[in-house]
Amino acid sequence: MSDRLSPVTENYLLSLYKMWEGSETPTLTQLAEALRQLPPTEGLGTSVPSVAGMLRRMQEQSLVDVGSDKRIRLTQRGVSEGENIAQRHRLAEWMVVSLLEMELHEAHVEAHQLEHGMSETLVTRLKDRLGNPTHSPFGWPIPGSGAAASTSGAVTLDSAAAGAPYVVDRVPEENADLLRFLAGARLVPYHRVTLLEAMPYLGVMQVETEVDRVSIGYDVARQIVVRPHEPEP
């Protein structure tokens, strides 16, 4: 791995890497919107001119390529560096949740504070201490763990079959208020959920979790990935 990149560059790479995981090839405007979801403590300029200037510097570092279609793609080096920061970020999330017993809705923000200063030695020790997790507390695969990018049979909650039991596979991590709600309803990774009723004409669906029955909007349901629940043999 090359010399450590600046925290700003790492934040850009983390956002781009998450889009790359979802097979997204963003425009400059879409990247700017994604960067606005990062904690204010990161101190990023997210105006279109600021983002454009940063992308030019990242092109000079051979981290990204902006094609004739105006879409941003990670280079081979960009993917490698993106994996590195994503690994540190997701391990930091586990550290604050598992070792420091912080709430899930606090983990993403705290991880951003920690990720930039983590050495390779600390990463190795942390993986050992945590038992080599394959996914973050939010369900995102940890690079280097061997975890697949997606789970077989996984669908977004808005596409789930009514009455069939599922297990939450992945949830969005950027919105603390939403995470507080999801955690309270146990609508988080490794917990069961069943779609009771879909009401697309109202824009909501009712689901049953392990502790409650709740209504959620389709915009939220599209961000929650679930997989079929397989009963214990």
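Throughout what follows, the structure given in this document is the object of discussion. (Residues numbered from 1 in each chain as written. Predicted model: local features only at pLDDT ≥ 70, side-chain atom pairs only at ≥ 80, totals over all residues. Heavy atoms only, no water.)

## Some words on the overall build of the chain
Counting its regular elements, the chain contains 8 helices and 8 strands. Computed over C-alpha atoms, the radius of gyration of the chain comes to 18 Å, within 12% of the 17 Å expected from 2.2 N^0.38 for 233 residues, which places it in the range of a compact globule. Along the longest, intermediate and shortest principal axes, the C-alpha atoms of the chain span 50 × 45 × 30 Å. Looking at the chain as a whole, 45% of its 233 residues qualify as buried. (Helix = DSSP H or I, 4+ residues; strand = E, 2+ residues; numbered from the N terminus. Rg over C-alpha atoms; globule rule 2.2 N^0.38 Å. Buried < 20%, exposed > 50% of the residue type's maximum accessible area, 1.4 Å probe, protein only.)

## Some points on the nonpolar core
Formed by 38 residues in total, the largest nonpolar core has its most connected members in L157, L187, I216 and I224. Considering every element that reaches this core, the biggest residue donor is helix α4 (residues 76-99), with 6 residues. When neighbours within four sequence positions are excluded, L157 is seen to be in contact with M205, V207, I216, A221, I224 and V226. Judged by nonpolar contacts, the second largest core, of 22 residues, contains Y12, A32, L55 and A86. (Core = buried A, V, L, I, M, F, W, Y, C linked by side-chain atoms within 4.5 Å. Contact = heavy atoms within 4.5 Å.)

## Quick notes on the packing of aromatic side chains
Centre distance and the angle of the planes are the two values used to describe a pair of aromatic rings. Enumeration according to the criterion identifies 1 aromatic pair in this entry. Positioned above the aromatic ring of W140 is the side chain of K18, whose terminal nitrogen or guanidinium carbon lies 4.4 Å from the ring centre. Over the ring of W140 we find R170; its NZ or CZ atom is 4.3 Å from the centre of that ring. (Phe/Tyr/Trp six-rings, centres within 6.5 Å; stacked < 30°, edge-to-face > 60°. Lys NZ or Arg CZ within 6 Å of the ring centre and 35° of its normal.)

## Considerations on the environment of R90
Relative to the helices and strands, R90 resides in helix α4. Note on R90: relative accessible area 0%, which makes it buried.

## Topic: the packing of helix α1 (residues 7-21) against helix α3 (residues 48-60)
Where α1 meets α3, the closest approach of the two axes is 11 Å, and the angle between their N-to-C directions is 95°. It follows that α1 is roughly perpendicular to α3 by the angle criterion. Contacts between α1 and α3 involve V8, T9, Y12, L13 and L16 from the first element and S50, V51, M54 and M58 from the second. Of the residues assigned to the contact of α1 with α3, the class counts are 7 nonpolar, 2 polar and no charged. (Axes fitted to C-alpha atoms, helices over the stretch in contact; angles between N-to-C directions. Parallel < 35°, antiparallel > 145°, perpendicular 65-115°, else oblique. Nonpolar A, V, L, I, M, F, W, Y, C, P; charged D, E, K, R; others polar.)

## Things to note about the packing of α1 against α4
Viewed as axis vectors pointing N to C, α1 and α4 meet at an angle of 100°, and their least axial separation amounts to 8 Å. Comparing the axis directions of α1 and α4 gives the class roughly perpendicular. Mapping the contact onto sequence places E10, L13, L14, Y17, K18, W20 and E21 in α1 and G78, V79, E81, G82, E83, I85, A86, R88, H89 and R90 in α4. Residues that form the contact of α1 with α4 fall into these classes: 7 nonpolar, 3 polar and 7 charged.

## Remarks on the sheet that holds strand β7 (residues 213-217)
The 6 strands lie next to each other as β3-β8-β4-β5-β6-β7, forming an open sheet whose pairing is antiparallel. The sheet is open, and its two edges are formed by β3 (155-156) and β7, each paired on a single side. Here β3 runs beside strand β8 (residues 225-228); their pairing, made up of 2 bridges, is antiparallel. Counted as the bridge partner of V155 is V226 from β8. (Pairing = 2+ DSSP bridges.)

## Some remarks on the pattern of salt bridges
Considering all chains together, one arrives at 10 salt bridges under this definition. R77 is the salt-bridge partner of E81, the closest N and O atoms lying 3.6 Å from each other. Placement of both E81 and R77 in helix α4 is noted, with a separation of 4 residues, approximately one turn of the helix. Under the relative-accessibility criterion, R77 is labelled partly exposed at 30%. D169 is the partner of R227 in a salt bridge, and the nearest nitrogen-oxygen pair spans 2.6 Å. In this pair, R227 is assigned in strand β8 and D169 in strand β4 (residues 165-170), connecting sequence segments 58 residues apart. What makes D169 buried here is its relative accessible area of 13%. Among the ionic contacts, a cluster of salt bridges with common partners joins K18, E173 and E174. (Salt bridge = Lys/Arg side-chain N within 4 Å of Asp/Glu carboxyl O.)

## Overview of the environment of Q37
Mapped onto the secondary structure, Q37 falls in the loop between α2 (28-35) and α3. At a separation of 3.1 Å, a polar atom in the side chain of Q37 contacts the side chain of E33. (Polar contact = N/O pair within 3.5 Å; in protein donor to acceptor, adjacent residues only side chain to side chain.)

## Brief notes about helix α6 (residues 120-130)
Residues V123, L126 and L130 constitute the buried set of α6. Taken around the axis of α6, the buried residues stretch over an arc of 65°, which confines them to a single face. Across from the buried face of α6, at angles greater than 90 degrees, the exposed residues are E120, T121, R125, D128 and R129. Considering only its buried residues, α6 is in contact with α4. Positive backbone phi, approximately 80°, marks G131, located one or two places after α6. (Arc of directions from axis to C-beta.)

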